[in-house]
Every structure is written in C-alpha cells, then in structure tokens.
Amino acid sequence: CRVQQWDSEEPVPRAELLAGVAGKRGLLCLLSDRIDGEVLEAAGPSLKVISTMSVGFDHLALEEIKKRGIRVGYTPDVLTDATAELSVALLLAACRRLPEAVEQVKNGGWTTWKPLWMCGYGLSDSTVGIIGLGRIGQAVARRLKPFGVKKFLYTGSRPKPESAAEFEAEFVPLTRLAEESDFVVVTCALTPATQGMCNKDFFCRMKKTSVFVNTSRGAVVNQEDLYDALAHGQIAAAGLDVTTPEPLPADHALLSLKNCVILPHVGSATYATRSTMAVLAADNLLAGLRGEPMPHELLL
C-alpha cells in the first residue's frame, strides 16, 4: 500500500483531510475526524473502505457511506475492559469526592479529622442502574458486583435476559431506573433514540443522594440540565469522561462545580488497549482493501 499519513497527535485540519482523501481507496480515521458527506464527496468513487480506530461510530455519516457501498471497520471488544475499569474509577472518584479531597490536602483545607468532613456515598448495599447493557455495561456490572451492590437495574432498546442473568439485573423503563438507582452508569451507544435522553426530567427523578456517570458519548446528556441538577442539589455528584463539545472549554459552567469530575475522554487509554486498537484498525483496512472479511466490520 502507498500510505499518506497525517503525522501528528493533533486532529488533521479539515482542509488537509479533504485534500488528502481525494482519490484514495481506503481511509483510517479517529473518532475526532468527522467523516460526512463533504469528505465522501472529496474522496470520490475510489473510496471503498473506512476503518475507524474507535468502538463508537457516531462521527461517521453511515447513511451516506452505505449509499456509496463503502465498507466500515471498527474496534469493539478490545477496549471493553479498559473502559469498564475507567467507568468504575470515575464512579468511585465522584461518589467518594476524591479530586475534592486531593485539593483539600494541597490547599491547606485538611486541618484535623472531622466526623462528616469529605463524606460521600458507598457502593455496598446500593442499587446500580446501567443504561445500555452491552459489552461495556456488562463489564462495568461485573466489576461493581464484588463491591456488595444489592441490585442491578438496566434499560435499553430491548431486554437482554442472557446478559442480565449473571448479575440478576432487572430490565426497567428509563424513568424507573432514574427513580430507584443510587448510581447511574451510562454505557449506551449514541443514536437518535439516546441523544439527550439524560435531561431535566431524568435528573429530577433521581435521588438527591445519587451519583451519575457517563462514559459513552457526551450528547446522550443534556449538559445544561445536568449543571442545574448538580448546582441545585438535585443529585449528589457526577463523573463524565465524555462531553459536548470535546475538548470542553476551560470556562464551561460544569467545570466550576466541586461535585462534577470531568476527564478528557480517556476510557480506552491504556498503552495495551490503544496499541491493540491501532493494529485492529489497520487489519480491518487491509482486509477491506483486499476484499476479504474484516476482523470487525460494521454491517450497514
């Protein structure tokens, strides 16, 4: 293969992407690259394969891609464990107020032991609600179970009794999950059905002591509604690994809140996982160029 590479950690500028893709047979992209009609038009009819180094594909214009008969490779499974670990870490950081506590040590706020100072909420005997019991949702539940979680609830497009059996998880409507969960973890894909589903109505139904965690996609959450819920004590805390936009502006209102832990989309950021994702994305692309079955093809 003749490879034309954008050799930087920073996303390729739009103009460079449009110029670079012209006449190419294959494209390997990241989730930070928006592959829309304009890019497909610039590529022309020669483009046969798109391989994305991500499990999510909401940055791809799938309808346009399907119309042109282009095959798509992606990288599920390989980042499941890393993202689940990060989800649990974020949940613990938010519910036990870890960033806040670290800050107190640094700024002199730690004076003596106090009975209720820096108290948070524990997982033991709790109810955990998971939005999207797919690969990552199941992996999160598997890791949370040994913490002594009393009950798992889940919601999604349909019940998954085979997946839920391991955790004795109950399939419930989104409203009931919000009302009964002490911890809500969002691990669903971003679709028209899930866009903005965690909104004012959802947060109003949650307990004042509950903690909300999102490691899926930022657009699943209405961030203004989340800010209001956190600022007015409607919910106790939140942990986000994904936001809208990314990166989140440094002056964004959510960043002013002590009870909101925000990470820079590092769910899959272990050396081993990113290396495996890169190799799989390359293998998908090469298989597509050869007209062979891809290790992981998104069937459109």
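Rules used in this analysis
Residues numbered from 1 in each chain as written. Predicted model: local features only at pLDDT ≥ 70, side-chain atom pairs only at ≥ 80, totals over all residues. Heavy atoms only, no water. Core = buried A, V, L, I, M, F, W, Y, C linked by side-chain atoms within 4.5 Å. Buried < 20%, exposed > 50% of the residue type's maximum accessible area, 1.4 Å probe, protein only. Helix = DSSP H or I, 4+ residues; strand = E, 2+ residues; numbered from the N terminus. Contact = heavy atoms within 4.5 Å. Expected span 1.5 Å × (residues − 1). Arc of directions from axis to C-beta. Pairing = 2+ DSSP bridges. Right-handed = clockwise from strand over helix to strand, strands pointing away. Axes fitted to C-alpha atoms, helices over the stretch in contact; angles between N-to-C directions. UniProt positions renumbered as here; feature names shortened; annotations may be inferred. Salt bridge = Lys/Arg side-chain N within 4 Å of Asp/Glu carboxyl O.

Novice: It is not clear to me how the nonpolar core should be interpreted in this structure. Could you clarify?
Specialist: Side chains that are nonpolar tend, in soluble globular proteins, to be buried together. Counting residues in hydrophobic clusters, the biggest one holds 31 residues, and the most contacted among them are Leu91, Leu123, Val128, Leu144, Phe152, Phe183 and Val211. At the level of secondary structure, the elements contributing two or more residues to this core comprise helix 4 (80-95), strand 4 (127-131), helix 6 (135-144), strand 5 (151-155), strand 7 (183-186), strand 8 (211-214) and helix 11 (271-289). At six residues, helix 4 tops the list of elements feeding residues into this core. Excluding residues within four positions of it along the chain, Val211 makes contact with Ala94, Cys95, Asp182, Phe183, Val184, Met206 and Ala237.

Novice: Would you take a moment to explain helix 11 for this structure?
Specialist: A rise of 1.5 Å per residue sets the reference length of helix 11, with its 19 residues, at 27 Å; its end C-alpha atoms lie 27 Å apart and thus fit the reference within 8%. If you check which residues of helix 11 are buried, you get Thr273, Met277, Leu280, Ala281, Asn284, Leu285, Ala287 and Gly288. Looking straight down helix 11, one finds its buried side chains confined to an arc of 165°; they lie on one side. Seen from the open side of helix 11, the exposed residues pointing more than 90 degrees away from its buried face are Tyr271 and Ala272. Just beyond helix 11, the residue with positive phi is Gly291, at close to 75°.

Novice: Even after reading the chapter, I still don't get the pairing of strand 9 (residues 237-240), so can you show me in this structure?
Specialist: Judged by which residues are buried, strand 9 turns out to be covered on both faces: Ala237 and Gly239 on one side and Ala238 and Leu240 on the other are all buried. Bridge count for strand 8 against strand 9 is four bridges, and the pairing is parallel. Looking across to strand 9, one finds that Asn214 is bridged to Leu240. Handedness of the strand 8-helix 10 (residues 223-231)-strand 9 crossover: right-handed. As judged from the three bridges shared by strand 9 and strand 10 (residues 260-262), these two strands associate in the parallel manner. Of the residues in strand 10, the one forming a bridge with Gly239 is Val261.

Novice: Help me understand the sheet that holds strand 7 in this model?
Specialist: Within a sheet, each strand pairs with its neighbour through backbone hydrogen bonds, oriented either parallel or antiparallel. Pairing within the open sheet is parallel, and its seven strands lie in the order 6-5-4-7-8-9-10. Looking at strand neighbours, the two that pair on one side only are strand 6 (170-171) and strand 10, the edges of this open sheet. Bridge count for strand 5 against strand 6 is two bridges, and the pairing is parallel. Bridge pairing links Leu153 to Glu170 in strand 6. Docked against the sheet, helix 4 engages strand 7, strand 8, strand 9 and strand 10, running at close to 150° with respect to strand 8. Sheet contacts for helix 10: strand 8, strand 9 and strand 10; angle to strand 9, the most-contacted strand, approximately 145°.

Novice: Hey, could you run me through the UniProt feature "domain: D-isomer specific 2-hydroxyacid dehydrogenase NAD-binding" (unreviewed entry) in the protein in this one?
Specialist: The UniProt record marks residues 88-267 with the feature "domain: D-isomer specific 2-hydroxyacid dehydrogenase NAD-binding" (unreviewed entry), using the residue numbering of this structure. Across residues 88-267, helical content stands at 30% and strand content at 15%; the span's end C-alpha atoms are separated by 10 Å.

Novice: Where do I start with the sheet that holds strand 3 (residues 71-73) in this structure?
Specialist: Pairing is mixed across the open sheet formed by four strands, whose spatial order is 1-2-3-11. Lying at the two open borders of the sheet, with one neighbouring strand each, are strand 1 (26-29) and strand 11 (297-298). Relative to strand 3, strand 2 (residues 49-52) is paired through three bridges, and the arrangement is parallel. By the bridge assignment for strand 3, Ile50 is matched with Val72. Sheet contacts for helix 11: strand 1, strand 2 and strand 3; angle to strand 2, the most-contacted strand, approximately 170°.

Novice: Got a minute to help me understand the pattern of salt bridges in this structure?
Specialist: Any two side chains of opposite charge can pair if their charged atoms end up close together. The full count for this structure, using the stated rule, is 19 salt bridges. Glu166 is paired through a salt bridge with Arg142; the nearest N and O atoms lie 2.8 Å apart. Of this pair, Glu166 sits in the loop between helix 7 (161-164) and strand 6 while Arg142 sits in helix 6, and the two are 24 residues apart along the sequence. Given the relative accessible area of 38%, Glu166 is considered partly exposed.

Novice: Can you walk me through unusual backbone geometry in this structure?
Specialist: Excluding glycine, most residues fall at negative phi; most peptide bonds, likewise, are trans. Along the chain, Thr244 connects to Pro245 via a cis peptide bond; the corresponding omega equals -5°. Inspection of the secondary structure puts Pro245 in the loop between strand 9 and strand 10. At the junction of Glu246 and Pro247, the peptide bond is cis and its omega measures out at 0° in the coordinates. Within the secondary structure, Pro247 sits in the loop between strand 9 and strand 10. With a phi close to 65°, Asp77 is a non-glycine residue in the positive phi region. Looking at the element boundaries, Asp77 is found in the loop between strand 3 and helix 4. Phi is positive for Arg97, close to 55°, though the residue is something other than glycine. Its place among the elements puts Arg97 in the loop between helix 4 and helix 5 (98-107).

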